[in-house]
Amino acid sequence: MTNTAIALDRTFHALADPNRRAILAAVRNERCAVGEIAGTLGLSQQIVSHHLKVLRAAGLVTGSRSGTRHLFAVRAEGLSVGKEFFDDFWPDRLTALKRAVESSAGGR
Amino acid sequence: MAEHRSSIDIHAAPEIVFDFLVTEAGMTSWMGQWASLDPVPGGQFAVDIAGYPARGSFLEVDPPRRVRVSWGFAGNESLPPGSSTVSFELTPTSAGTRVEVVHSGLPADEVPGHIEGWSHFLPRLARTAVGGQLPTDTWSPQLSTTE
């Protein structure tokens, strides 16, 4: 697999979970500590920590320190995967169009 | 709103290329597995791509120069049917035709608000777009707490 394919798989795997999507939504607008996220979503801190680990590995959230508090926020670059996907989609489709036209028409 | 542009040179006349954009057999030979097309302004544009229903309508049909369709996915909140626009511009060249596709109105720039929607259809689409066979169950929306 290419690095892009691996990154795509990791991102989609991370997103393919309702709790992880809820956590992303919770840290979308402001940085939050694990306890705050857990309280907002009604999940245990262990579960939230686990999901944050997966999200961080996929590059979807980033952590930072504020004094003694460890805060998490959405990482915008990690969310560009949808855009990048369409960057590949149409070139791939056009290549398929070229192949289909030229094989059926036998050139012009 | 994001926009994507891409182009390719095809060794065939614009009239020939045009048919691949507006006929069902032509369309499914390069995109999707099933299509229902009514290529008149306001007519239906429906193509199933890897089980994902791309839906919209023809906005402009100008043979053999230009086709514009509205584009979205049925059941997809971030990109509902008809929510974005795809245009195909065909320009005659010495070797045949240059096709430029412009996909505009995509919500990619607002992805944080569209995570749910994107994650529903992109994985399967990504696989089929690179020519891969679709495994049935590698992607699951179910909660997993064991990894």
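Scroll up a little and you will see the structure.
So, here's what we can say about the structure. (Residues numbered from 1 in each chain as written. Chains lettered and ligands numbered in written order. Predicted model: local features only at pLDDT ≥ 70, side-chain atom pairs only at ≥ 80, totals over all residues. Heavy atoms only, no water.)

**Focus on the pattern of salt bridges**
For the structure on display, the rule yields ten salt bridges over all chains. In this structure, the salt-bridge partner of Lys98 of chain A is Glu102 of chain A, at a minimum N-O distance of 2.9 Å. In this pair, Lys98 of chain A and Glu102 of chain A both sit in helix H5 (residues 81-105), four residues apart, roughly one turn of the helix. Counted as one network, the salt bridges with shared partners bring together Glu60, Asp62, Arg65, Arg66, Arg68 and Glu89 of chain B. (Salt bridge = Lys/Arg side-chain N within 4 Å of Asp/Glu carboxyl O. Helix = DSSP H or I, 4+ residues; strand = E, 2+ residues; numbered from the N terminus.)

**Side note on the sheet that holds strand S3 (residues 69-74) of chain A**
All names here are of chain A. Spatially, S1-S3-S2 is the arrangement adopted by the three strands of the open sheet, whose pairing is antiparallel. Edge positions in the sheet fall to strand S1 (32-33) and strand S2 (61-66), since each of these pairs with one other strand and no more. Both S1 and S3 contribute to a ladder of two bridges, which runs antiparallel. Residue pairing for S3: Cys32 is matched across the bridge by Phe72. (Pairing = 2+ DSSP bridges.)

**Side note on the side chain of Ser36 of chain B**
All names here are of chain B. Inspection of the secondary structure assignment puts Ser36 in strand S2 (residues 34-37). Within the structure, Ser36 has its side chain in polar contact with the side chain of Gln44 (distance 2.8 Å). In contact with Ser36, other than residues within four places in its own chain, are Glu24, Gln44, Phe45 and Ala46. (Polar contact = N/O pair within 3.5 Å; in protein donor to acceptor, adjacent residues only side chain to side chain. Contact = heavy atoms within 4.5 Å.)

Purely spatial values, then, with no claim about function.
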